[in-house]
Amino acid sequence: MWLLDTEDGTFHRIERPREERYAILSHVWQASGEQSYQDLIALQRKATKKRSCFSFTRGLSMFDHSAHDPVLSRASVKIRQCCMLARKHGYRRVWIDSCCIDKTSSTELSEAINSMYEWYAAADVCFAFLEDVSDDHDPRLRDSKFRRSRWFTRGWTLQELIAPTVVIFLSKEWRLLGTKTSLADLVEEITGIDRSILTHEKSLDCASVARRMSWASKRQTTREEDKAYSLMGIFGVNMPTIYGEGGNAFVRLQEEILKQVPDQSIFAWGPTLRDDTMLYRNVDPDSISDDGRYWHSRNLFAWSPDAFVNSAPVSSISPESWRKRAGIPFTLPEYAITSYGMRARFPLIAIQHSSAKTTYLAVLACEDAEGNLIALLLYPQPETAGRFFVGHYVGRPQVPPNSYYRAVGVSESRLAELVHSLQAGDVCVPYRPSPAARRVPLAVSSAPKFKCPCAVVVPTWVISDIERASFAVCVSGQDNVLHISGVTAPQSAAVVLTSRHETIHIRIGRCQCRGRFLCLSITGTISRRATASSSTLADRMSSSGSHAAANDAPRCPEDHVAGWRDATKTFACAMRQIRVTISAWASRAEMYSLAIEISTLETLSKDRGYVRTYQDVHRLNDADAS
């Protein structure tokens, strides 16, 4: 780790933090950013260069490092004040997370994140700087700014509060507000962390996994991954840091906890049914049902620490205590991760609601505040054997009262009634949210109206396809977006396609009728030589009633996009067949995409007796011209 010298602002590398005496800073980063490791390195290089020049001209004996330090004098106010405070307490070195980690090195960043809890624990003193709290009031007041400080709401400051033995709270004026020991009862009230753990009278391992997770449930981090990374020290686990993995980081954290911490309270999150009487009634099959809307709660692992917001009272129990209460030996659990989910062995209680409806209680080695054992509600997955979801509705669906629960508290008296049916069984349960389940498509509330005002986008891939057909594309809107207002006339050419021998105009606007409908028409022209050579085709198109070119006036309601089947229409223009499709965006109302497909019409030459395409006509024209 890098330590900052509080006198000359230089960095010192150390390998054994426990053998060094240093102070450490805990703070909330400013939204505008903090001075980084690279910033201080640049200041140090400038100071070294200036020092060399000064030494050359005046002599080394005249230079006083402590009195004329150019590094700390140019550092941020927070760094200067921290160094000054550390010197007053007798510390030559200090560690500040914003400037003592080279974040351009992924290896160093990962090492720092995995070691940060240990670094805070090894520090002699931690200065907790609360920049939104002044020192002109009592922190214990009910509405004090101390209680409402952002420092108590950030994810990283949780371990920075617990790990150090000595924490000194400082106001925005860098004056003493109190210490963790003197304000332990107040900090416990604010954070929910046991006073005995704050003061290190009890080990952190005395708190269950669920309780420790509850401490982080209301805290925020800038990066989603930091919700997991900031908790590694709290649970004593290590894992690689992969920024960009999103919520998968918290899933990996729970996997590591499950490998190293023998505590099943990690599964005790989400809503828990306290009065379990309803579960054992002889009710019809519809009274208990699965609900796909709660897909994020149907897994063994939580999606975020926020899921443990009500799990603070949950505590783990030893296998021996569990055996005495349940009356059967406690089998040490083994967990195996498969592609279908996590396979585990739990003590199970089957609850038969009907001949076709059975739910199970997977009894865990943990209890709630009333001393009731906690059991997961397992709902069989449809058309599978041995595979379950966690949680379901309890009560008649759509008829209050009914609610969704993941677990139930089983009292000792209830357990005594059901102990005869208690037996160990293997189950397979999804342990993480499915990626496919997250990507729920946006539902379109109603069919597209194709009315103005609206915006029409010509995608880049459409333009590329047209250009491959030897056409130049000109879109009148900026960034290929056509903004059709309530008064945009359909006579204006929105998209123009130009080739060597023809020009095609795609006109889009509001129809002149009262319906404000989006109107689209196509007209085209070809060169004089191409027209002369293709008169046979023109006659054929004219006689068949195709609207090949000629009239720019809109045809209402023929040109209304709302009247097209599947919002698609094929036009015959000059020697081309043009297929136009307008599709609505699901994410934005009155936003549409325009797709254009161009193909060549073929015609049968009456005088020569063979099929001639439009490319043939161009080749003949070119030959005549030469």
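Bear in mind that the values here come from a model prediction, so they are computed numbers and not experimental data. (Residues numbered from 1 in each chain as written. Predicted model: local features only at pLDDT ≥ 70, side-chain atom pairs only at ≥ 80, totals over all residues. Heavy atoms only, no water.)

A look at the nonpolar core
In step 1: Formed by 115 residues in total, the largest nonpolar core has its most connected members in Trp95, Phe169 and Leu253.
In step 2: A total of nine residues in this core trace back to one element, the largest contributor, which is helix 4 (residues 106-122).
In step 3: If near-sequence neighbours (up to four positions away) are discounted, Trp95 is found in contact with Met1, Trp2, Leu3, Tyr22, Ala23, Ile24, Leu25, Cys100, Ile101, Met116, Trp119 and Tyr120. (Core = buried A, V, L, I, M, F, W, Y, C linked by side-chain atoms within 4.5 Å. Buried < 20%, exposed > 50% of the residue type's maximum accessible area, 1.4 Å probe, protein only. Helix = DSSP H or I, 4+ residues; strand = E, 2+ residues; numbered from the N terminus. Contact = heavy atoms within 4.5 Å.)

Quick notes on the confidence of the model for the protein
In step 1: Per-chain confidence: the protein averages 82 in pLDDT, with 80% of residues scoring 70 or above.
In step 2: Counted against residues more than four places away or in other chains, residues 436-444, with its pLDDT under 50, gives six contacts. (pLDDT = per-residue confidence, 0-100.)

Some remarks on the packing of aromatic side chains
One pair of aromatic rings is described through two measures. These are the centre distance and the angle between the planes.
In step 1: In the structure shown here, the tally under the stated rule is 20 aromatic pairs.
In step 2: Between the aromatic rings of Trp95 and Trp119, the centroid separation amounts to 5.4 Å while the plane-to-plane angle is 70°, which identifies the pairing as edge-to-face. With a gap of 24 residues between them, Trp95 in strand 4 (residues 93-95) and Trp119 in helix 4 connect regions that are remote in the sequence. The residues Trp95 and Trp119 share a single accessibility class, namely buried.
In step 3: Ring centres of Tyr229 and Tyr243 lie 5.3 Å apart, and the angle between their planes is 85°; on these two criteria the pair is classed as edge-to-face. Of the two residues, Tyr229 sits in helix 9 (residues 226-229) while Tyr243 sits in the loop between helix 10 (232-235) and helix 11 (248-260), which places them 14 residues apart along the sequence. (Phe/Tyr/Trp six-rings, centres within 6.5 Å; stacked < 30°, edge-to-face > 60°.)

Things to note about the side chain of Thr6
In step 1: Looking at the secondary structure, you find Thr6 in the loop between strand 1 (2-5) and strand 2 (11-13).
In step 2: Leave out the neighbours within four places in its chain, and Thr6 touches Leu72, Cys83, Ala86, Arg87, Tyr91, Arg92, Arg93 and Val94.

Section: the environment of Ala447
In step 1: Mapped onto the fold, Ala447 is located in the loop between helix 14 (435-438) and strand 20 (454-457).
In step 2: Judged by its relative accessible area of 59%, Ala447 falls in the exposed class.
In step 3: As a C-alpha pair, Ala447 and Ala562 span 115 residues in sequence and 9.8 Å in three-dimensional space.

Notes on empty space enclosed by the protein
In step 1: All chains considered together, the criterion is met by three cavities of 30 Å³ or more.
In step 2: Approximately 60 Å³ is the volume found for the largest cavity.
In step 3: Forming the boundary of the largest cavity are Gly155, Ala216, Arg219, Gln220, Thr221, Lys227, Ser230, Leu231, Ser304, Pro305 and Asp306.
In step 4: Taken together, the residues that form the lining of the largest cavity break down as three nonpolar, five polar and three charged. (1 Å grid on protein atoms, 1.4 Å probe; cavity = no way out; pocket = protein on both sides within 12 Å on 5 of 7 lines; lining within 4 Å. Points joined across faces, edges and corners; volume = space filled by probe spheres on them. Nonpolar A, V, L, I, M, F, W, Y, C, P; charged D, E, K, R; others polar.)

Quick look at helix 3 (residues 77-88)
In step 1: Helix length check: helix 3 (twelve residues) gives 16 Å between terminal C-alpha atoms against 16 Å at 1.5 Å per residue, within 8%.
In step 2: When helix 3 is considered as a whole, its buried residues turn out to be Lys78, Ile79, Cys82, Cys83, Leu85 and Ala86. Each buried residue of helix 3 sits inside an arc of 165° when the element is viewed along its axis, so together they form one side.
In step 3: Count one or two residues on from helix 3 and you reach Gly90, which has phi positive near 90°. (Expected span 1.5 Å × (residues − 1). Arc of directions from axis to C-beta.)

Re unusual backbone geometry
In step 1: Following Cys452, the chain continues into Pro453 via a peptide bond in cis, with omega recorded as 5°.
In step 2: Structurally, Pro453 is set in the loop between helix 14 and strand 20.
In step 3: The phi dihedral of Phe450 is positive, around 50°, even though this residue is not glycine.
In step 4: Summarising the element assignment, Phe450 is placed in the loop between helix 14 and strand 20.
In step 5: Even without a glycine there, the phi angle at Asp566 is positive, about 55°.
In step 6: Within the secondary structure, Asp566 sits in the loop between helix 17 (535-543) and strand 26 (568-573).

Observations regarding the layout of surface pockets
Gaps between atoms show up when a probe of the same size as a water molecule is rolled over them.
In step 1: Of the voids in this model, the largest pocket is the one considered here, and its volume is about 550 Å³.
In step 2: Taken together, 21 residues form the lining of the largest pocket, with Trp29, Asp97, Trp156, Thr222 and Asp226 sitting closest to its centre.
In step 3: If you list the elements that add at least two residues to the lining of the largest pocket, you get helix 4 and helix 5 (157-162).

Here we look at the pattern of salt bridges
In step 1: The full count for this structure, using the stated rule, is 28 salt bridges.
In step 2: Measuring nitrogen to oxygen at the nearest pair gives 2.8 Å for the salt bridge that ties Glu189 to Arg142. On the criterion of sequence distance, the pair formed by Glu189 in helix 6 (residues 184-191) and Arg142 in the loop between strand 5 (125-129) and helix 5 is long-range, its members being 47 residues apart.
In step 3: Assessed through its relative accessible area of 45%, Glu189 is described here as partly exposed.
In step 4: Here Glu502 and Arg576 are joined by a salt bridge, their closest N and O atoms 2.9 Å apart. Linking Glu502 in strand 24 (residues 502-510) with Arg576 in strand 27 (residues 576-584), this pair joins segments that are 74 residues apart in sequence. Comparing Glu502 with Arg576 shows no difference in burial state: the two are buried.
In step 5: What you see here is one network of salt bridges that share partners, running through Asp5, Glu7 and Arg92. (Salt bridge = Lys/Arg side-chain N within 4 Å of Asp/Glu carboxyl O.)

Things to note about helix 4
In step 1: A rise of 1.5 Å per residue sets the reference length of helix 4, with its 17 residues, at 24 Å; its end C-alpha atoms lie 23 Å apart and thus fit the reference within 8%.
In step 2: Taken together, the buried positions of helix 4 are Glu108, Leu109, Ser110, Ala112, Ile113, Met116, Tyr117, Trp119, Tyr120, Ala121 and Ala122.

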